[in-house]
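This is what each chain is made of:
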Amino acid sequence: MVTAMTLKAAVAGGSGYAGGELLRLLAAHPEIEVATVTGASSAGELLGASQPHLAASPLGALEIASTTPELLAGHEVVFLALPHGQSAAIAEALPVDTVVVDLGADFRLEDAARWEHFYGGTHAGSWPYGLPELPGQRPLLEGARRIASPGCYPTSVALGTAPLLAAGLLEPDVVVVAASGTSGAGRAARTSLLGSEVMGAVSAYGVGGVHRHTAEMEQSLSGAAGVPVAVSFTPLLAPMPRGILATSNARLREGVTGADLRAALLDAYAAEPFVVVLPEGAQPTTAATLGSNAAHVQAVADPRTGRAVVTVAVDNLGKGAAGQALQNANLALGLPETAGLPLVGVAP
Ligand SMILES: NC(=O)C1=CN([C@@H]2O[C@H](COP(=O)(O)OP(=O)(O)OC[C@H]3O[C@@H](n4cnc5c(N)ncnc54)[C@H](OP(=O)(O)O)[C@@H]3O)[C@@H](O)[C@H]2O)C=CC1
Ligand SMILES: CC(=O)N[C@@H](CCC(=O)OP(=O)(O)O)C(=O)O
């Protein structure tokens, strides 16, 4: 039930994985109420049938509507959790004073040529990049009407390495190997159903610099470093439903120690509610972040090879997607940044 005191939200793509997690978070948000949920093939179904984890919430009784700009207009905030290429036309038709947070990639890249290279089609433009913890980024998101929420892998990589590059501790050439749970591929991919192929195996994909998140990582890391940063990225598919563990490896600048790396992370995240720099000796694990908007970060020096090893765990559907989108909406709407966002995960 929407009351005069609450802000009305619409979630487009509410039948998908990212939309489903966003609706779970919004169901407990103190100041936002979901008035409209849309989808495509699921239009006409009850949300509780499409997303069984929402069945006990009043949201479960909402009917999923077809996605049209007319239906999405008239809300204070619209979340777009749609496949790539679907957001731009919808966003253009929404009122300019509506807060629109896109969970997809349509508006993440500033460079049109790079967007077209990695995604194909025509670049729709760029919006403020919704990773508030990046140096200098939060003021661009406070009060914004359009926000491009980052991809899950780029979120995890930037949270670990951006402060180290900004502090001049690493050479601007980063090798990333990151493992994701199957929900990262979206519900439509049905990888979750291919148990015989996915379970019991870890496999690399998008190998050889072709994964589209490479451009997004280079954009945010170059912004933090103030010089172009090259990223070599290899994603791995891991036999788990959700979670990302990203490892980033880069050459240390002359004289830099492990203590310097940790000091830079602790300094960058001292006042950040969602980023936890783990105690020395502890390593991030995906399980500890599940269901939360937290990112767990660690950095270690390998003095024998003169390299830094930075590890980050996030929930790909939490800080990697829905949690981050809600954090961005809170900033845009002038609400407490942490409203409706769990700081702690579920265990075991
Ligand atoms: N999964 C993840 O970890 C992350 C996802 N994202 C981004 O979030 C967005 C959604 O991803 P995800 O939830 O994983 O994807 P899913 O495949 O799970 O869900 C896609 C959603 O979009 C709807 N949809 C599909 N085609 C259309 C269309 N032509 N018009 C309108 N709606 C359509 C689907 O509706 P229906 O089911 O009714 O057909 C469904 O609700 C993507 O842009 C993705 O890149 C970002 C970060 C992480
Ligand atoms: C396991 C898996 O397939 N993961 C997805 C990443 C999903 C995501 O964050 O990103 P976008 O919003 O940019 O699509 C992939 O590699 O394409």
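Remember, it's a predicted structure, so these values are computed and weren't measured experimentally.

**Q** How should I be thinking about the overall build of the protein chain in this particular structure?
**A** Helices and strands together make up the secondary structure of the protein chain, namely eleven helices and 13 strands. Taken against the 2.2 N^0.38 rule, which gives 20 Å for 348 residues, the C-alpha radius of gyration of the protein chain at 19 Å falls within 12% of a compact globule. Across its three principal directions, the C-alpha atoms of the protein chain cover 60 × 45 × 40 Å. A burial count over the protein chain gives 50% of its 348 residues as buried. Long-range pairs, those at least 24 residues apart, make up 70% of the contacts in the protein chain between residues at least 6 apart in sequence.

**Q** Is there a simple way to think about the site of ligand 2 in this case?
**A** Neighbouring residues of ligand 2: G104, A105, G151, C152, S180, G184, A185, P235 and L237. For the shell around ligand 2, the residue count by class is five nonpolar, four polar and no charged.

**Q** Looking at this structure, I do not really get the sheet that holds strand 12 (residues 295-302). What am I missing?
**A** Strand pairing within a sheet occurs via backbone hydrogen bonds; the two strands may be parallel or antiparallel. Pairing is mixed across the open sheet formed by seven strands, whose spatial order is 8-9-7-10-13-12-11. Each having just a single partner strand, strand 8 (203-204) and strand 11 (275-277) make up the two edges of the open sheet. By the bridge criterion, eight bridges tie strand 12 to strand 13 (residues 307-314) in an arrangement that is antiparallel. Within strand 13, the position partnered with A299 by the bridge is V310. Contacts from helix 9 (residues 213-225) reach strand 7 (170-180) and strand 9 (230-237), with the element oriented near 135° to strand 9.

**Q** Quick question: what am I supposed to make of the UniProt feature "active site" (unreviewed entry) in the protein chain here?
**A** Taken from the UniProt record, the annotation "active site" (unreviewed entry) applies to C152. On the secondary structure map, C152 appears in helix 7 (residues 152-166). With 29 C-beta atoms counted inside 10 Å, the residue C152 sits in the buried group. Apart from residues lying up to four places away in sequence, C152 is in contact with S180, G184, I244, N316, G320 and A321.

**Q** Can you help me understand the domain arrangement of the protein chain in this one?
**A** Segmenting the protein chain into domains produces domain 1 (7-150 + 319-333) and domain 2 (153-315). Summarising the inter-unit geometry, the C-alpha centres of domain 1 and domain 2 are found 24 Å apart. Each partner contributes residues to the interface: domain 1 has 20 residues there, and domain 2 has 25 residues. Elements represented by at least two residues in the side of domain 1 that touches domain 2 include exactly helix 5 (112-119) and helix 11 (318-333). Per-element tally for the side of domain 1 that touches domain 2: the top contributor is helix 11, with five residues.

**Q** I would appreciate a short explanation of the pairing of strand 1 (residues 7-12) in the present structure.
**A** Successive residues of a regular strand alternate their side chains across the two faces of the sheet. As defined by bridge partners, strand 1 adjoins strand 2 (residues 32-39) across six bridges and the pair is classed as parallel. Bridge pairing in strand 2 places V11 opposite V37. Assessed by its sense of winding, the connection that carries the chain from strand 1 through helix 1 (residues 17-26) to strand 2 is right-handed.

**Q** Is there a simple way to explain the site of ligand 1 in this structure?
**A** Lining the immediate environment of ligand 1, one finds 31 residues, of which G16, G39, G104, G186 and R187 sit closest. Contributing elements (two or more residues each) for the shell around ligand 1: helix 1 and helix 11. Examining the composition of the shell around ligand 1, we find that three residues originate from one element, helix 1, more than from any other. Taken together, the residues that form the shell around ligand 1 break down as twelve nonpolar, 18 polar and one charged. For the shell around ligand 1, the domains that each give at least three residues are domain 1 (7-150 + 319-333) and domain 2 (153-315).

Cut-offs used in this document
Residues numbered from 1 in each chain as written. Chains lettered and ligands numbered in written order. Predicted model: local features only at pLDDT ≥ 70, side-chain atom pairs only at ≥ 80, totals over all residues. Helix = DSSP H or I, 4+ residues; strand = E, 2+ residues; numbered from the N terminus. Rg over C-alpha atoms; globule rule 2.2 N^0.38 Å. Buried ≥ 20, exposed ≤ 12 C-beta atoms within 10 Å, placed from the backbone. Contact = placed C-beta atoms within 7 Å. Near = placed C-beta within 6 Å. Nonpolar A, V, L, I, M, F, W, Y, C, P; charged D, E, K, R; others polar. Pairing = 2+ DSSP bridges. Axes fitted to C-alpha atoms, helices over the stretch in contact; angles between N-to-C directions. UniProt positions renumbered as here; feature names shortened; annotations may be inferred. Domains from an automatic or database assignment. Right-handed = clockwise from strand over helix to strand, strands pointing away.

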